[in-house]
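The chain contents come next:
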Amino acid sequence: MTAIYIQDGDAVDHVPATALPAGSIVVQGKLVGVSPRPIPAGSTGGLLVEGVFDLPIAPGTAADTGTLVFWNPATALAGFDGAVPGVAYCGVTIKPVAADDIAARVLLNHPR
């Protein structure tokens with residue numbers, strides 16, 4: 001069998017069990033995506049798996065440009081420690097993060 005083109009790889013289909021508001025961050029195994037618009041429960045919607053997003057972080061967190069970023073579904077916050085149980089790699093910072101920032105600017109799913 002040969003490869004058959006389906007769609008560009010910047011978004012993937014997702015059917016959530018519960019309604020997702022726009023901006024929801026979804027972890028499916030090692031794949032992290034962001035819903036650009038609301039997706040009703042049980043309906044097919046798109047998750048963006050490429051792009052630059054501001055992800056919320058814990059207060060007092062700082063990082064340099066190019067730092068690996070991990071999404072913690074339990075806290076709904078991004079962080080920089082991949083050893084925390086349950087976190088999923090989601091990308092790299094594209095600008096420095098200061099300790100007083102409330103979000104990290106992240107290039108989603110950048111190859112490690």
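That block above? That's the structure.
Presented here is an overview of the structure given in this document. Just so we're clear, the structure is a prediction, and the values are computed from it rather than from any experiment.

1. Overview of the pairing of strand β2 (residues 25–28)
Examined bridge by bridge, β2 and strand β3 (residues 31–34) share four bridges and lie antiparallel to one another. Across the sheet, the residue bridging to valine 27 is valine 32, located in β3. Counting the residues between successive antiparallel strands, the hairpin from β2 to β3 contains two residues, one of them, glycine 29, with a positive phi of roughly 65°.

2. Quick word on the environment of valine 69
Topologically, valine 69 is positioned in strand β6 (residues 68–72). Valine 69 gets classed as buried once you look at its relative accessible area, which sits at 0%. Filtering out sequence-adjacent residues up to four positions away, valine 69 remains in contact with Ala78, Gly79, Phe80, Ala88, Tyr89, Cys90, Gly91, Val92, Thr93 and Val106.

Rules and cut-offs
Residues numbered from 1 in each chain as written. Predicted model: local features only at pLDDT ≥ 70, side-chain atom pairs only at ≥ 80, totals over all residues. Heavy atoms only, no water. Pairing = 2+ DSSP bridges. Helix = DSSP H or I, 4+ residues; strand = E, 2+ residues; numbered from the N terminus. Buried < 20%, exposed > 50% of the residue type's maximum accessible area, 1.4 Å probe, protein only. Contact = heavy atoms within 4.5 Å.

That is the geometry; function is a separate question.
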